[in-house]
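What follows is each chain in one-letter form.
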Amino acid sequence: MLKKIGITLISILSLGFSASAQKPCATDTKYWEMVKKYPGILDLEKQFEDQIGSNIEKTAAGAAARTTAISASDTTIFDIPMVVHIVHDYSVENLSDDVIYEAAQYWATVYMCQNTDTSGVINPFKKWVGNPRMRLHLATIDPNGKPTKGVVRHMSYLTTVADDGAKFDPWPQNKYVNIWVIRTFGASATGAAAYAYLPGMAAYQPYYDGVIVLYDYANYAKTVPHEIGHVLNLQHPWGNTNNPAVACGDDHVDDTPPTKGHNPVGCVASALYDTACATGYLKHYRTASGGDSLVDYPDTANSQNIMDYTYCQEMFTKGQCFRMRTALTSTTAGRNNLITAANLSATGALAPMPDLPPVADYIMNRGTGGSFVSDDRSYFLTLNNSNSFLFRNTSWNDTLSDVQWTFSNGASTPSVSSLTTVINRFTVPGYVTVTEVAISNAGSDTLVNTQAVYVADTAGVSPWGYVQNFDPANCGNWPMFNYYRNNFKWDFYSGASADGDGKCMRYRSFDTTDKTVGTALGDHDDLFTPGFNLAGITGNYYLNFYTSGCRIPGSGTTDSMEIDASTNGGAQWTRIGGASGTSLINNTYSSLEFVPTSASQWVAHAINIPTAYRTANTFFRFRYWPGDIGNNCYLDNFYTYQFPAEVLAPTAAAGSLKLSPNPATNGCNILFKTGYDGSATIMVKDITGRVVYQLHNSYAPDAIAEETIDRSVTPVAGIYLVTVIINGKASTEKLVVY
Ligand SMILES: [Zn+2]
């Protein structure tokens, strides 16, 4: 991978550079977001500048000394522990350990000024090339005192919508520099390659301190060294108040001349010899003897600076190194603790990387029609399905010598162990347990997943009279998956119900972690029904259920639920209905965790099952997509019936009446529940009270009956009143005809 990147870069250079491939840094955007929230950052930065100024006074005896003394008089080498977190969803961003080790080695090279491309620095800046004199090390001891190789992994959907919320499990930021690797940024950093927090910002938000970078920039150009520059208080050479190539700006570093900065143009002459803001750039200093002295800095921008966006990044200046070293000896954001002997010992920064056992891990893909899809982290499929599963080994932390797999549910156990992939299928219904043992010279690790796959029974359940009230004792064939093993998930709930039994399903969309581990947007979780035998059912036939949803205070509820059907045992799913907005979030907001307490807080849903999905074994799936300001949503009283739930729940009283559709233009159906003798009178009146239609008829007692009102009965558009009289009791509904 590294070699490939190197080759790509060379070929881009030889073609005269394609600017579009290179992305900028979002540190300034994040900086101004933070300043808006915490104006005190500006005071901290002022203190920083004063400290830097007084340090310069102390160290630089005179102007002449400035070119050499700042670096020459301070020869201490600082050691800094780091940890790299790979936030991944088993895709391209799940970089191998070796790629990270190699990247970390390169970052360290830059911070000792050993990157060979400094030889390409143009003459005016040769004498200003600075050496940060910092050794970056992957930690060998974690915050719990356990040995580590300095690379850890977190599975999350947030890798594709990453921002501060994707910064999982930060190690104490005054002990380690945290670096998170992700796949793509979310809205707040769209288009960026990476960003980092300066010490002044980190002092206010230590939880998010560190570098976050796209996986394909982890070792591309000097993206991470640039970001570590920010961690150590460097700004972009044009300052932090505008985008590059807009207006002349300054970064509070004397030997980086004023510049507008550059977009990614590469090492082109127009950037290398850009004099737009730097012509005649001089600085006056007071000498030790009280006199005045002058330093004539280069009259061209330092476009090869690692903090510019040129992507011709070759050097830090001496002034930048001074500034970084000041940050590293400052208490702001606890940076000075990173380099203490006690911390280096506690983090094992100076120890060689230990040999540790592997961490067992795998990802499974589901076959669909000869190919494999990777759309989820657990899978549902019927037994003996023609599709199969592919288990791909993704163990890490050491070079493996062997991988051993064991599968339950009648699957074949591989006769030879496989380091890479195993394909399997299952013949016994229920949850499948998959056991993977990863083995290396240093030991082994065993991963047991008791819910890797759910194998569904192929015998379709009769839908007639089927009611599911979500008593866990009766839900053995209703599997659910919490794909990302987090708090957003389906679970059985006891303490609320639509049907009075006190039991129901709950979708936990209330963020019990108070946003410390990111937004729920992007997650999803599934609840599956058993297969139903719907073959031969004609006419209206509904999937009925009730929900009760809520949000927390705020606007822009984005929770949604989709209902999908599968006629091939879970190999493919098609959406047949859904709910969102107020049809799902039907209650007002609550800042506490929501629990419905009355029947009126539930809303009925009915999906007329499309004919194409009326097979001998049709499965349904409730897929919940939590949003950003979600609260809990409850599901109850699932049943299949000829009539829609909103009118005629099994518990409806005699005389219950429903008009459908309403408003209507081509006639309307009247659905009603009959009484003990089955007789009913139907009347339709116009708005003046004139009876335009009357019918007296007998129906099955205590049953749902249906009558049709043709459009000819209500020829004029407007409002009509439809009344059904059963056992002397009248129920009336308004019908709108258009
Ligand atoms: Zn930057």
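Residue positions are given per chain, counted from 1 along the sequence in the order it is written. Owing to the predicted nature of the model, reporting of local features is limited to residues with pLDDT of at least 70; listing and counting of side-chain atom pairs is limited to 80 or more, with chain, interface and lining totals taken over all residues.

*Asks:* Account for helix 6 (residues 97–111), naming residues and giving values.
*Replies:* The secondary structure listing takes helices from DSSP runs of H or I that are at least 4 residues long and strands from runs of E that are at least 2 residues long, numbered from the N terminus. The span one expects for a helix is its residue count, reduced by one, times 1.5 Å. Across its 15 residues, helix 6 extends 21 Å between first and last C-alpha, which sits within 8% of the 21 Å expected from 1.5 Å per residue. Between the buried cut of 20 or more and the exposed cut of 12 or fewer other C-beta atoms within 10 Å of a residue's own C-beta lies the partly exposed class, and all C-beta atoms are placed from the backbone. What helix 6 keeps buried is the set Ile-100, Ala-103, Ala-104, Trp-107, Val-110 and Tyr-111. Buried positions in helix 6, seen along its axis, are confined to an arc of 115 degrees and lie on one side of it. Facing away from the buried side of helix 6 by more than 90 degrees, the exposed set consists of Asp-98 and Gln-105. A pair of residues counts as a contact when their C-beta atoms, built from backbone coordinates, are separated by no more than 7 Å. Of the surrounding elements, those touching the buried residues of helix 6 are strand 1 (78–88), strand 3 (134–138), strand 4 (151–155) and helix 9 (223–231). Positive backbone phi, approximately 55 degrees, marks Cys-113, located one or two places after helix 6. Here, the arc refers to the directions that run from the helix axis to the C-beta atoms.

*Asks:* Kindly report on helix 2 (residues 27–37), identifying the contributing residues and their values.
*Replies:* Buried within helix 2 are the following residues: Thr-27, Asp-28, Lys-30 and Tyr-31. All buried residues of helix 2 lie within an arc of 160 degrees about the axis, which places them on one face of the element. Along helix 2, exposed side chains directed more than 90 degrees from the buried face belong to Lys-36 and Lys-37. Structurally, helix 2 contributes buried residues whose contacts are with strand 6 (194–196), helix 8 (199–204) and helix 9.

*Asks:* Tell me what's going on with the sheet that holds strand 15 (residues 400–407), and back it up with residues and numbers.
*Replies:* Here we have 4 strands laid out as an open sheet, ordered 13-18-17-15, and mixed in their pairing. A single partner strand is all that each edge strand has here, and the edge strands are strand 13 (379–382) and strand 15. Averaged over all neighbouring strand pairs, the angle between strand axes comes to 30 degrees, with direction disregarded. Two strands are counted as paired when DSSP detects at least two bridges linking them. Bridge count between strand 13 and strand 18 (residues 443–456): 4 bridges; the pairing is parallel. Residue pairing in the sheet places Tyr-379 in a bridge with Val-453 of strand 18. To get an axis, a line is fitted to the C-alpha atoms, and for a helix only the part in contact is used. The angle between two axes follows their N-to-C directions and goes from 0 to 180 degrees.

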